[in-house]
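# Working through the structure, step by step
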Amino acid sequence: MSDLLTLLGVSAAIAAGLWAWHHWHYRSFWLVLGYPLAAFSVWATWRKVALGCGLTKKRQRFWFTTVPGLVASTGVVRVKRKFQRIAVDTRPFMWLPMPTRHGWRVTIHTLEGQIPADYAEVAERLAHSWGVHAVRVSSPRPGRVVLATTMRDPLVKVADLPASTELLKVTVGKLETGGPWTIDFTTVPHWINAGATQSGKSNLANALIVGLAPQPVALVGFDLKGGVEFTPYAPRLSALATTRTECATLLDDLVTLMADRMGVCRMAGARNIWQLPPAVRPVPIVVLVDELAELYLMADKSEKDEIAKTSTALLRVAQLGRAFGIYLFCCGQRIGSDLGPGVTALRAQCSGRICHRVNDPETATMTLGDLDPAALVSARAIPAETPGVAIVAGQDGQWYRARSFYVTEQAAEHAARTHAHLAPSWDEVMAAQPHEIPAA
Ligand SMILES: Nc1ncnc2c1ncn2[C@@H]1O[C@H](COP(=O)(O)OP(=O)(O)OP(=O)(O)O)[C@@H](O)[C@H]1O
């Protein structure tokens, strides 16, 4: 029966496709031919696929078991026992697949005892069974699982960086779902950006600089690579620290500033700087840290105190910064617990996680491990030929494969020079905070 239905569906889809080829534009082809074909074959083969992936459950059928059982219990008719024990494999109910930009999406009703993780576990099997690039699993509500497929990798080529229009919000790339990859500091204030060398970390920082440069924000750089990464962007930076001593001084300034802003908020009865009247609202600060590990590495024991001080100050900024308009974006090749408890505590404060290709499993585990084991597997599978591809978690609590827009150093330098006049000097940023709040 299902074979006949498949044949009918395929013929109808081919006829519709030929008609579309004749009458419509080529781009309608996926919707008219590709999608119906895929949808129909997925629907028609769902029983076999679910069985193969272990998503079915044995159930006794009412007509084969309950009815013969009841009849037998009356004692009027003798019913063979085998009729009372027939159990069939039941597949989870599947709605009709709906087309998306890069594939299709389908809602499934989970069977009793199943959880979304059961589907996530077999996502790769499903992708192979359906011959698609990837299957992603999400659960919009209890009892429902949404399987979203992508026919081919949408991250092979991503377009150019669009202009940012909202304060502290930059669209830095594209998600594998086809949606925009946005870093929004107002929603997720602190980010960790991990990745091996040449994985695309600096490219992402460039995209952020290009996006934030035209905005009324102060940019601060901690460049522990001796300044080679951020010095070209100095015209747009309000402060730049390139040695550990400079970093310690700048972090002290940030902690002092935070305490000042805290005082202003308390005086105005505001919980954060965004509740202050615009006239006294201080400028938001985005802190970019390159090579986080360098802040924690100790060459000899004499550095112990300085490192402890730096680590505590950075952690305080991460803990309290959001309310007082200080946001962190920390990049690093290696982020491991061996760097000390300061790094682990900092990680806990950074809900935005970006993991590019990494060399050691511990960095991937530190960056994503507490989110979802499947994210970890995906991060370990990023090939070296696709710099800029990363596993991203943060905004909506889910994780995605994503790729940043390609932004050259020259483009970021140009943005930094063009918007240099928008960079408040560090003295202006640190200037004494108001002692009274103007009447509204
Ligand atoms: N999104 C992207 N699309 C295309 N190419 C990219 C992308 N991101 C990075 N690249 C390429 O990969 C190269 C390495 O990127 P990048 O300098 O950002 O790596 P990195 O992780 O900062 O390396 P390092 O730690 O050595 O500085 C770049 O020169 C660029 O050509």
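Details of the structure are given in the entry above.
Remember, predicted model here, so these are calculated numbers, not experimental data. (Residues numbered from 1 in each chain as written. Predicted model: local features only at pLDDT ≥ 70, side-chain atom pairs only at ≥ 80, totals over all residues. Heavy atoms only, no water.)

## Overview of the packing of helix 10 (residues 304-320) against helix 11 (residues 341-349)
Put simply, the test is: Comment: axis = line fitted to C-alpha atoms, over the contacting stretch for helices; angle = value between 0 and 180 degrees taken between N-to-C directions. Numbering goes from the N terminus for both helices and strands, where a helix is a DSSP run of H or I of at least four residues and a strand is a run of E of at least two. Each angle receives one of four descriptions, namely roughly parallel if under 35 degrees, roughly antiparallel if over 145, roughly perpendicular if within 65 to 115, and oblique otherwise. Residue contacts are counted whenever heavy atoms from the two residues lie within 4.5 Å of one another. Under the grouping applied here, Gly and all other residues not named as nonpolar or charged are polar, the nonpolar ones being Ala, Val, Leu, Ile, Met, Phe, Trp, Tyr, Cys and Pro and the charged ones Asp, Glu, Lys and Arg.
Direction vectors running N to C along helix 10 and helix 11 enclose 10 degrees, while the axes themselves pass 9 Å from each other. With respect to each other, helix 10 and helix 11 are oriented roughly parallel. Here helix 10 contributes S311, L314, L315, A318 and Q319 to the contact with helix 11, which in turn contributes G342, A345, L346 and Q349. Broken down by class, the residue content of the contact of helix 10 with helix 11 amounts to five nonpolar, four polar and no charged.

## Quick notes on the site of the ligand
Defined as follows: In this text, near means that some heavy atom of the residue lies within 4 Å of the molecule or strand in question. Here a polar contact means two N or O atoms within 3.5 Å. Within protein one must be a hydrogen donor candidate and the other an acceptor candidate, and residues neighboring in sequence count only if both atoms are side-chain atoms. Each accessible area is a Shrake-Rupley estimate made with a 1.4 Å probe; only the visible protein chains count as cover when residues are assessed.
Around the ligand, the surrounding shell holds 16 residues, and the nearest of these are T197, Q198, S202, N203 and S404. Taking A196, its main chain carries an N or O atom lying 3.4 Å from an oxygen atom of the ligand. S202 is positioned such that a nitrogen or oxygen atom in its side chain is 2.4 Å from an oxygen atom of the ligand. Burial of the ligand by the protein chains amounts to 79% of its free accessible area of 630 Å². Of all the secondary structure elements, the ones that give two or more residues to the shell around the ligand are helix 7 (201-212) and strand 17 (399-404). Ranked by the residues each element gives to the shell around the ligand, the list is headed by helix 7, at three residues.

## Considering the sheet that holds strand 10 (residues 190-194)
Just so we agree on the cut-off: What makes two strands pair is DSSP finding at least two bridges between them.
Across the sheet, 10 strands lie side by side as 9-8-17-16-15-10-14-13-11-12; this open sheet has mixed pairing. Looking at the sheet topology across the chains shown, the edges are occupied by strand 9 (180-184) and strand 12 (237-241). Neighbouring strand axes in the sheet, compared pairwise and without regard to direction, differ in orientation by 25 degrees on average. One ladder, built from five bridges, connects strand 10 with strand 14 (residues 326-332); its direction is parallel. What sits directly across from N193, in strand 14, is C331.

## Thoughts on helix 8 (residues 244-268)
Cut-off, in case you're wondering: Each helix should span, by expectation, one fewer than its residue count multiplied by 1.5 Å. We call a residue buried when its accessible area falls under 20% of the maximum for its residue type, exposed when it is over 50%, and partly exposed in between, using a 1.4 Å probe and counting protein chains only.
With 25 residues, helix 8 should reach 36 Å at 1.5 Å per residue; the first-to-last C-alpha distance of 36 Å fits that figure. Within helix 8 the residues assigned to the buried category are R244, C247, A248, L250, L251, L254, V255, L257, M258, R261, V264 and C265. Two residues or fewer after helix 8 comes G269, characterised by a positive phi angle close to 70 degrees.

## A short note on unusual backbone geometry
For L168, which is not glycine, the phi dihedral falls at a positive 60 degrees. Looking at where L168 falls in the secondary structure, it is placed in the loop between strand 7 (144-150) and strand 8 (169-175). For L168, a relative accessible area of 0% translates into the label buried. The backbone of E291 shows a phi angle near 65 degrees, a positive value even though the residue is not glycine.

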